[in-house]
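Chain and residue survey
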Amino acid sequence: MTDFQQVRALALVLSTLVIATCFPASAQLKDLSLQLRWKHQFQFAGYYIAKEKGFYKQQGLNVTLLPYGKDSPAPVDAILNHQADFAISSSAVAIHRMQAKPIVALSALMQSSPLVWITLKKNGYTAPQDIVDKPLPTLPAPESAELLTVFRKEGFRLDELQLETQNASINDLVLGNVAALNAYVSNEPYQLEQSGYEYNLIKPKDYGVNFYSDVLITHEAFVEQHPATVDKFKQASLKGWRYALTNIDETIKIIKEKYAPDKSLKHLYYEANHLKELIMPELVQLGHMNPDRWKTIAENYIQLGMAGNQPDFGQMDNLIYQKPVKNTRILIHTIIISLFIILILSILAWRFFYLSSTLKREISRRQYAEKKLIKANNELKAQALTDPLTKIYNRRAFFEKGDAILKLSVRKQLSCALIMLDIDHFKDINDTFGHDAGDVALKQITQVLNQSIIRSHDILARIGGEEFAILMVDCRLEDAAQVAERILQVISAHKIVLPDGSEINLTISMGLSEVELDLSQALTHADVALYQAKENGRNCYYIFNERLPNKIYKPQTA
């Protein structure tokens, strides 16, 4: 046996002693409970799989899943009152955190909320302004926050709405007792389809409202007392979700046989496909949470008056779970033994250091040079893809990113639409006020589009001097037309503040086209439509689509 092999064998023995001393194995599974936020259905598939496939057991956990019923506590109450170890809740946990309640969010499964307003197609209600004066049933305020935020985004006050806190049903919608129903995109639409009713969906994300949903939570004290258990439960649960989303057929069979026998297979498949679109496992890491996005959600609750009299916004820094350090005593114990191992290894291995030091320095030098090269290449790539004035994508990036998104959309059978925008009479602005004023106008138009119109998964790019393009994913041409109308309204109402402090109003013209397989062709079609919008008086949009009648929209003037 060589000296090196002796060192490795000794290290293995000592490491085993460290593990055995500091982390003794437990022969008994730890009992835990998870309070669901509704009855058994595909919405909780990952937790079923983690249990049935033994992922919890592999972590030494015995987990009981508690479905929600009429006698069940609300998920947050179950945690605060220690009736469950974990629970599934909504983004309303931000309210509880701002009220200094010890709630910790471990992960957010759905990156977009499944809540929508659903209306019957025969009534013609397709936008928030169509139902603002109609009876609207809602859940308790925090549970319907994203639906109410839509009205605030559109300029309506909550006291203008006819809100009724009630559990309305599909029958209430069909009988005309309510104008719209507070619904789950994976549930009520399926029921209406099975009953033969056509419907419209008013989705919060189409209006820039994007809340998390199905947030896994626990008690702050439980995290402090059982940090390893919390981490094991989280990892096993996410492993269950990864399996469930990649093995949908098997998952649905398990749910049907063991958890929801009354649900049809067709309904479970419908639910699975729609929820997967909200989870977005191909684009976002499972359970990912962004601190800034949580703060935006909290600000919405405050603006809606749902966060109490004196919300403590600083508490939001304590909402997201942070893996705690190990117990100090165990850590010190581990350090002492590790230092002992290092000392022995140093004595046995000193003879190898001199020979390897030259090689290590060379490796280090090359790694450093490689990192500098990678950093320089990344900077050059970013510069090549970014418009230097507006800091959004340029034409090259629009096609690179757009083609990638389009391929994914084709696989997922998602509709895409393209909007091409051009600032009216832009040359006159440069000639009258100077090019600095033109640059300011371009930057402010970009800010307005980003803040009021563009969703997180859309692509906005400057493709020419005063020309912009928006690639809208999971968006039909009819929906894009509604977005174009909002753009016209927002831009015409916005005053551009020039460098000298003066203000001007701008208008824009737009061309819309449907995107199928070729982004270049779609851009050409949108350009044709844009030209016709210019020819029809500007400050309007024109749709290029052989399957729809040509349409020109222009805002009414006083």
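Provided above is the structure to which this section pertains.
Reference entry: report on the structure contained in this document.

Calculation criteria
Residues numbered from 1 in each chain as written. Predicted model: local features only at pLDDT ≥ 70, side-chain atom pairs only at ≥ 80, totals over all residues. Heavy atoms only, no water. Helix = DSSP H or I, 4+ residues; strand = E, 2+ residues; numbered from the N terminus. Buried < 20%, exposed > 50% of the residue type's maximum accessible area, 1.4 Å probe, protein only. Contact = heavy atoms within 4.5 Å. Pairing = 2+ DSSP bridges. Axes fitted to C-alpha atoms, helices over the stretch in contact; angles between N-to-C directions. Phe/Tyr/Trp six-rings, centres within 6.5 Å; stacked < 30°, edge-to-face > 60°. Core = buried A, V, L, I, M, F, W, Y, C linked by side-chain atoms within 4.5 Å. Salt bridge = Lys/Arg side-chain N within 4 Å of Asp/Glu carboxyl O. Parallel < 35°, antiparallel > 145°, perpendicular 65-115°, else oblique. Nonpolar A, V, L, I, M, F, W, Y, C, P; charged D, E, K, R; others polar. Arc of directions from axis to C-beta. Patch = residues over 30% accessible without salt bridge, like charges linked within 9 Å, V, L, I, M, F, W, Y side chains within 5 Å. Areas by Shrake-Rupley, 256 points an atom, 1.4 Å probe, with all protein chains shown as cover.

**Some words on the overall build of the protein chain**
In terms of helices and strands, the protein chain carries 20 helices and 18 strands. The proportion of buried residues among the 558 residues of the protein chain is 45%. The contacts in the protein chain between residues at least 6 apart in sequence include a share of 76% that link residues at least 24 apart.

**Examining the side chain of Thr251**
With respect to the helices and strands, Thr251 occurs in helix α12 (residues 248–258). You can call Thr251 buried: its relative accessible area is 0%. Aside from chain neighbours lying at most four places away, what touches Thr251 is Phe42, Ala45, Ile49, Tyr243 and Ala244.

**A few points about the sheet that holds strand β5 (residues 115–120)**
Strand pairing in a sheet is mediated by backbone hydrogen bonds. Such pairs are either parallel or antiparallel. Within the open sheet, the three strands sit side by side as β8-β5-β9. Their pairing is antiparallel. Because the sheet does not close on itself, it has two edges, and the strands there are β8 (181–184) and β9 (199–202). Strand-to-strand twist in this sheet, taken as the mean axis angle between neighbours without regard to direction, amounts to 45°. The pairing of β5 with β9 spans four bridges and is classified as antiparallel.

**Comments concerning the packing of aromatic side chains**
If you walk through the whole model with that rule in mind, you get 12 aromatic pairs. Measuring from ring centre to ring centre gives 4.1 Å for Tyr48 and Tyr259, while their planes differ by 20°; the resulting arrangement is stacked. Placement of Tyr48 in helix α2 (residues 45–52) and of Tyr259 in the loop between α12 and α13 (265–279) is noted, with a sequence separation of 211 residues between them. Judged by centre distance (5.5 Å) and plane angle (85°), the ring pair of Phe86 and Phe222 falls under edge-to-face. Highlighted residues: Phe86 in strand β3 (residues 86–89) and Phe222 in helix α10 (residues 220–225), separated in sequence by 136 residues.

**Here's the deal with the environment of Leu34**
Following the sequence through the fold, Leu34 ends up in strand β1 (residues 30–35). Judged by its relative accessible area of 0%, Leu34 is buried. Taking the C-alpha atoms as reference, Leu34 lies 9.4 Å from Thr218; in sequence the two are 184 residues apart. Each residue touching Leu34, except ones within four places of it in the same chain, is listed here: Tyr47, Val63, Thr64, Leu65, Leu66, Phe86, Ala87, Ile88, Leu216 and Phe233.

**Re the nonpolar core**
The nonpolar side chains of soluble globular proteins are, as a tendency, buried together. Leu34, Tyr47, Phe86 and Phe233 are the most contacted members of the largest nonpolar core, which has 57 residues in total. If one sorts the elements of this core by residue count, helix α11 (residues 227–246) sits on top with seven residues. Once residues lying within four places of it in the same chain are set aside, the contact partners of Tyr47 are Leu34, Tyr56, Leu65, Ile88, Leu216, Ser237 and Trp241. In this structure, Val76, Val93, Tyr184 and Ile202 belong to the second largest nonpolar core, which totals 45 residues.

**Some words on the sheet that holds strand β4 (residues 103–110)**
Ordered in space as β2-β1-β3-β10-β4, the five strands form an open sheet in which the pairing is mixed. Two strands lie at the open edges of the sheet, namely β2 (61–66) and β4, each paired on one side alone. Geometrically, the sheet is characterised by an average inter-axis angle of 25° between neighbouring strands, direction not taken into account. As paired strands, β1 and β3 are joined by two bridges and run parallel to one another.

**Concerning the pattern of salt bridges**
According to the stated counting rule, one finds 18 salt bridges in the structure shown. Where Arg157 meets Asp159, a salt bridge forms, and the shortest distance between an N and an O atom there is 3.1 Å. The burial state of Arg157 is the same as that of Asp159; both residues are exposed. We note a salt bridge from Asp431 to Lys427, for which the minimum N-O separation is 2.7 Å.

**With respect to the packing of helix α16 (residues 395–411) against helix α20 (residues 519–535)**
Relative orientation and spacing of two packed helices are given, respectively, by the angle between their axes and the distance between those axes. Packing of α16 against α20 leaves a shortest axis separation of 10 Å and a crossing angle of 120°. Our classification of the angle between α16 and α20 gives oblique. Listed contacts from α20 to Arg395, Phe398, Phe399, Gly402, Asp403 and Leu406 of α16 are Leu519, Ser520 and Leu523. In the contact of α16 with α20, the residues fall into five nonpolar, two polar and two charged.

**A short note on the pairing of β8**
Alternating residues of β8 divide into Leu181 and Ala183 and Asn182 and Tyr184, and every residue in both groups is buried. As judged from the four bridges shared by β5 and β8, these two strands associate in the antiparallel manner. In the strand pairing of β8, Ile118 is matched with Leu181.

**Points about unusual backbone geometry**
The phi torsion at Ala100 lies on the positive side, around 65°, for a residue other than glycine. Of note, Ala100 is situated in the loop between α5 (93–98) and β4. Positive phi values are uncommon outside glycine, yet Asp474 reaches one of about 55°. Here Asp474 shows up in the loop between β13 (467–473) and α19 (477–493).

**A word on α12**
For α12, the full list of buried residues reads Ile248, Thr251, Ile252, Ile254 and Ile255. Across the axial projection of α12, the buried residues extend over an arc of 160°, all falling on one side. Relative to its buried face, α12 has exposed residues pointing more than 90 degrees away, namely Asp249, Lys253, Glu257 and Lys258. Taken together, the buried residues of α12 touch α2, α11 and α13.

**Points about the packing of α2 against α12**
Here α2 crosses α12 at 85°, and the two axes come no closer than 10 Å. As summarised for this structure, α2 and α12 are arranged roughly perpendicular, according to the angle between their axes. Residue-level inspection shows Ala45, Tyr48, Ile49 and Glu52 of α2 in contact with α12, the latter providing Thr251, Ile254, Ile255 and Lys258. Each residue belonging to the contact of α2 with α12 can be placed in one class, and the counts come to five nonpolar, one polar and two charged.

**Notes on a nonpolar patch on the surface**
A grouping of Ile335, Leu339 and Ile342 is seen on the molecular surface, where their side chains present a nonpolar patch of about 280 Å² in accessible area. Here Ile342 shows up in helix α15 (residues 328–385). According to the relative accessible area criterion, Ile342 is partly exposed, its value standing at 47%.

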